[in-house]
Amino acid sequence: MQRPRYPWEFSNRYYTYDELLGRVFNVLRENNPALVGDRRRTILRPPQVLCEGTKKMKFANFADLCKMMHRQPEHVMGFVLAEMGTTGSLDGQQRLVVTGRFSPKNFEGILRCYANEYVICSGCKSSNTIPSNENCLFFLRCERRYLM
């Protein structure tokens, strides 16, 4: 008689959900060793939005978020202002000053859209990407997949 390769071979007992789930992940790890590496999740801090007068808002941690995403503040500012349909500028402390009244949730949703479009790799969901423009076309080069 042949020796079973896996414990579930040549067995007719019922397996629990946890056992079957473990089996699936073990087979995935055996067949795809690249999936075993660490997968860090990209976490953006919530925007700190302050009122400046009655018609302006200040995005206080704008420069910090740009550094976390490894993107130029001018590019992020252009995207945010275009999505909000308003005008704005960077002040001396690299805070984004926006004309109009917006809630922090508006800024958070727009930053999430920016990250999905211009920061996060669509293949492996890594935030370790480098933007490049070639012939007026925008590309993201993923450093994680490039190194594999």
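You'll find the structure just up there.
Residues numbered from 1 in each chain as written. Predicted model: local features only at pLDDT ≥ 70, side-chain atom pairs only at ≥ 80, totals over all residues. Heavy atoms only, no water.

Peer 1: Describe the state of the cysteines, and please don't skip the residues or the numbers.
Peer 2: Per the counting criterion, the structure on display carries 0 disulfides. Counting only cysteine sulfurs, Cys-142 is the nearest neighbor of Cys-121, a cysteine outside any disulfide, at a range of 3.8 Å. We classify Cys-121 as buried; its relative accessible area is 5%. (Disulfide = S-S within 2.5 Å. Buried < 20%, exposed > 50% of the residue type's maximum accessible area, 1.4 Å probe, protein only.)

Peer 1: I'd love a proper account of the packing of helix H3 (residues 73-84) against helix H4 (residues 104-118), names of residues and values included.
Peer 2: For any two helices packed against each other, the geometry comes down to the angle between their axes and how far apart the axes lie. It is the contact of H3 with H4, at a shortest axis distance of 10 Å, that shows an interaxial angle of 125°. As the angle between them shows, H3 and H4 are arranged oblique. Crossing hand, H3 versus H4: right-handed. Counted together, His-75, Val-76, Phe-79, Val-80, Glu-83 and Met-84 of H3 and Asn-106, Phe-107, Ile-110, Leu-111, Cys-113, Tyr-114 and Tyr-118 of H4 form the full contact between these two elements. Classifying every residue of the contact of H3 with H4 by side-chain character gives 10 nonpolar, 2 polar and 1 charged. (Axes fitted to C-alpha atoms, helices over the stretch in contact; angles between N-to-C directions. Helix = DSSP H or I, 4+ residues; strand = E, 2+ residues; numbered from the N terminus. Parallel < 35°, antiparallel > 145°, perpendicular 65-115°, else oblique. Left-handed = near helix turned anticlockwise from the far one by under 90°. Contact = heavy atoms within 4.5 Å. Nonpolar A, V, L, I, M, F, W, Y, C, P; charged D, E, K, R; others polar.)

Peer 1: Explain the pairing of strand S5 (residues 129-134) to me, and be specific about the residues and the numbers.
Peer 2: Here S5 runs beside strand S6 (residues 137-142); their pairing, made up of 6 bridges, is antiparallel. Looking at the pairing, Glu-134 lines up with Leu-137 of S6. Turn length for the S5-S6 hairpin, with the two strands adjacent in sequence and antiparallel, is 2 residues, and the turn residue Asn-135 shows positive phi of about 55°. (Pairing = 2+ DSSP bridges.)

Peer 1: Provide a residue-level description of the pattern of salt bridges, including the pertinent values.
Peer 2: A side chain with one charge can pair with a side chain of the opposite charge if their charged atoms come near. Across all of its chains, the model carries 5 salt bridges by this definition. Of the charged contacts, one joins Glu-108 and Arg-112 as a salt bridge, the two residues approaching to 3.2 Å between their closest N and O atoms. Of this pair, Glu-108 and Arg-112 both sit in helix H4, separated by 4 residues, roughly a single helical turn. For Arg-141, the salt bridge goes to Glu-143, with nearest N and O atoms at 2.8 Å. A relative accessible area of 40% places Arg-141 in the partly exposed class. Take Glu-143: its relative accessible area is 15%, and that puts it in the buried class. (Salt bridge = Lys/Arg side-chain N within 4 Å of Asp/Glu carboxyl O.)

Peer 1: Go over the side chain of Arg-95 with me, naming the residues and quoting the values.
Peer 2: One can find Arg-95 in the loop between strand S3 (88-90) and strand S4 (96-99). Separated by 3.0 Å, the side chains of Arg-95 and Gln-93 make a polar contact. In this structure, Arg-95 is in contact with Lys-58, Phe-59, Ala-60, Ser-89 and Leu-90, ignoring residues within four places of it in sequence. (Polar contact = N/O pair within 3.5 Å; in protein donor to acceptor, adjacent residues only side chain to side chain.)

Peer 1: Outline the nonpolar core, supporting the account with residue identities and numerical values.
Peer 2: Within the largest apolar cluster, 23 residues are counted, with the highest numbers of intra-cluster contacts made by Val-76 and Val-80. For this core, the secondary structure elements donating two or more residues are strand S2 (56-59), helix H2 (62-69), H3, S4 and H4. (Core = buried A, V, L, I, M, F, W, Y, C linked by side-chain atoms within 4.5 Å.)

Geometry only, nothing functional implied.
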